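Results of the structural survey
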Amino acid sequence: LRFLRAYFYFELFKAYGDVPLVTTTLTNAQANNIERTSADQIVKFIVDEIDEIAPHLPSTYTTIPGTEVGRATSVAAYALKARTLLYAASPLHNPSNDKTKWAKAAEACKFVIDNAQAWGLKLSPYASLWGNDAFFNQELIFGIGRNASNSFEMANYPIGVENGSSGTCPT
């Protein structure tokens, strides 16, 4: 749960920068008066969450009985930390070009790269990245498995095509 909260705060930070940081249930009055938290504090929150939970997560679920592939792993947590720090160091969130932010990002990225092989990650042939069995690819760090389906195509068929919902296709 804490990994997902950190992940979704990363997505908010990536899109908006400063966002409200909420870690408790709010009353209506509190929710209506909450203010944004600085992007630096959001990054610190994400990194602190990852540092706290990553050591307690397995590096893979494929060796655990009742395989629960797709759950958060320590690998996904450390990769999220690296990406968060990289975005925080970028010119968008670091207009003063603070070199310490770049150093933290480089350190976190190097940690992931240095441990990738031990975690079972490796580059795969391009063709193995696609299809409904790609979820078990050794290059994938965190993703969602799907069965074979044409629902994406159906949602994008033009209006009037049989069995097409054209839900995302403009008229």
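As shown above, the structure is provided for reference.
Here's what I pulled together on the structure shown here. Counting of residues starts from 1 at the beginning of each chain's written sequence and follows it residue by residue. Totals for whole chains, interfaces and linings use all residues, but because this is a predicted model, local features are given only for residues with pLDDT of at least 70 and pairs of side-chain atoms are given and counted only at 80 or more. The basis for the side-chain values is all heavy atoms of the structure; hydrogens and waters are excluded.

A word on a nonpolar patch on the surface
What counts here: What goes into a patch is any residue over 30% in relative accessible area without a salt bridge, connected to like charges within 9 Å or, for nonpolar side chains (Val, Leu, Ile, Met, Phe, Trp, Tyr), within 5 Å. Throughout, the Shrake-Rupley method with a 1.4 Å probe supplies accessible areas, and for residues the shown protein chains are the sole cover considered. Whenever Lys or Arg places a side-chain nitrogen within 4 Å of a carboxyl oxygen from Asp or Glu, that contact is recorded as a salt bridge. Helix and strand labels come from DSSP, where a helix needs a run of H or I of at least four residues and a strand needs a run of E of at least two; each type is numbered from the N terminus. To sort residues, take the accessible area from a 1.4 Å probe on protein chains only and compare it with the maximum for the residue type: under 20% means buried, over 50% means exposed, and anything in between is partly exposed.
Where nonpolar side chains cluster on the molecular surface, the patch consists of Leu4, Phe8, Ile141 and Phe142 and spans about 340 Å² of accessible area. Mapped onto the secondary structure, phenylalanine 142 falls in the loop between helix H5 (99-115) and helix H6 (151-156). Overall, the relative accessible area of 32% leaves phenylalanine 142 in the partly exposed class.

Focus: helix H3 (residues 39-53)
Worth spelling out the cut-off: Here, expected helix span is obtained from the residue count minus one, scaled by 1.5 Å. Should any heavy atoms of two residues lie within 4.5 Å, those residues are considered in contact.
Taking 1.5 Å per residue as the helical rise, H3 with its 15 residues ought to reach 21 Å, and the 21 Å between its terminal C-alpha atoms agrees with that figure. Those residues of H3 not exposed but buried are Ala39, Ile42, Val43, Phe45, Ile46, Val47, Glu49, Ile50 and Ile53. Contacts made by the buried residues of H3 are with helix H1 (2-16) and helix H4 (74-89).

Here's the deal with the packing of H4 against H5
Stated formally: Working convention: axes come from line fits to C-alpha atoms, limited for helices to the stretch in contact. Angles between N-to-C directions cover 0 to 180 degrees. Orientation is classified from the angle alone, with under 35 degrees giving roughly parallel, over 145 giving roughly antiparallel, 65 to 115 giving roughly perpendicular, and any other angle giving oblique. The hand of a helix crossing depends on one turn: near helix anticlockwise from the far one by less than a right angle means left-handed, and clockwise means right-handed. Each residue gets one label: Ala, Val, Leu, Ile, Met, Phe, Trp, Tyr, Cys and Pro are nonpolar, Asp, Glu, Lys and Arg are charged, and the others, such as Gly, are polar.
Running from amino to carboxyl end, H4 crosses H5 at an angle of 155°, the nearest separation of the two axes being 8 Å. The angle between H4 and H5 places the two elements in the roughly antiparallel class. As H4 runs across H5, the sense of the crossing is left-handed. Here Tyr78, Ala79, Ala82, Leu85, Leu86, Ala88 and Ala89 of H4 come into contact with H5, specifically with Lys101, Trp102, Lys104, Ala105, Ala108, Cys109, Phe111 and Val112. Its residues placed into classes, the contact of H4 with H5 shows 13 nonpolar, no polar and 2 charged.

Section: unusual backbone geometry
Phi is positive for asparagine 97, close to 55°, though the residue is something other than glycine. Topologically, asparagine 97 is positioned in the loop between H4 and H5.

Quick notes on the nonpolar core
Where a protein is soluble and globular, its nonpolar side chains tend to be buried together. We apply this condition: Note on terminology: a nonpolar core comprises buried Ala, Val, Leu, Ile, Met, Phe, Trp, Tyr and Cys residues joined through side-chain atoms within 4.5 Å.
Membership of the largest hydrophobic core comes to 31 residues, with the highest contact counts inside it found for Phe3, Phe13, Ile46 and Ile50. Among the elements of the structure, H1, H3, H4 and H5 are those that each provide at least two residues to this core. The biggest single contributor to this core is H4, with 9 residues. Apart from the residues within four sequence positions on either side, phenylalanine 3 is in contact with Ile50, Ile53, Ala72, Ala76, Ala77, Leu80 and Phe142.

What to know about the side chain of asparagine 94
To keep things clear, this is the line we draw: Two N or O atoms count as a polar contact when they lie within 3.5 Å, although within protein this holds only if one can serve as hydrogen donor and the other as acceptor, and sequence-adjacent residues are included solely when both atoms are side-chain atoms.
Mapped onto the fold, asparagine 94 is located in the loop between H4 and H5. Look at asparagine 94 and you get buried, because its relative accessible area is 3%. Looking at asparagine 94, its side chain comes within polar contact range of the main-chain oxygen of alanine 89, at 3.2 Å.

Re the packing of aromatic side chains
For the record, the criterion: Only Phe, Tyr and Trp rings take part, Trp by its six-membered ring, and two of them pair if their centres are within 6.5 Å. Stacked means planes under 30 degrees apart, edge-to-face means over 60, and tilted covers everything else.
For the structure on display, the rule yields 7 aromatic pairs. Pairing tyrosine 9 with phenylalanine 45 gives two aromatic rings, centres 5.6 Å apart and planes at 75°, and the pair type is edge-to-face. On the criterion of sequence distance, the pair formed by tyrosine 9 in helix H1 and phenylalanine 45 in helix H3 is long-range, its members being 36 residues apart. By the burial criterion, tyrosine 9 is buried, and phenylalanine 45 matches it. For the pair tyrosine 78 and phenylalanine 111, a centre-to-centre distance of 4.9 Å together with 70° between the ring planes defines the contact as edge-to-face. With tyrosine 78 in helix H4 and phenylalanine 111 in helix H5, this residue pair connects regions lying 33 residues apart in the sequence. Assessed through its relative accessible area of 18%, tyrosine 78 is described here as buried. Judged by its relative accessible area of 36%, phenylalanine 111 falls in the partly exposed class. Through successive ring pairs, a cluster of aromatic residues spans Phe3, Tyr7 and Phe8.

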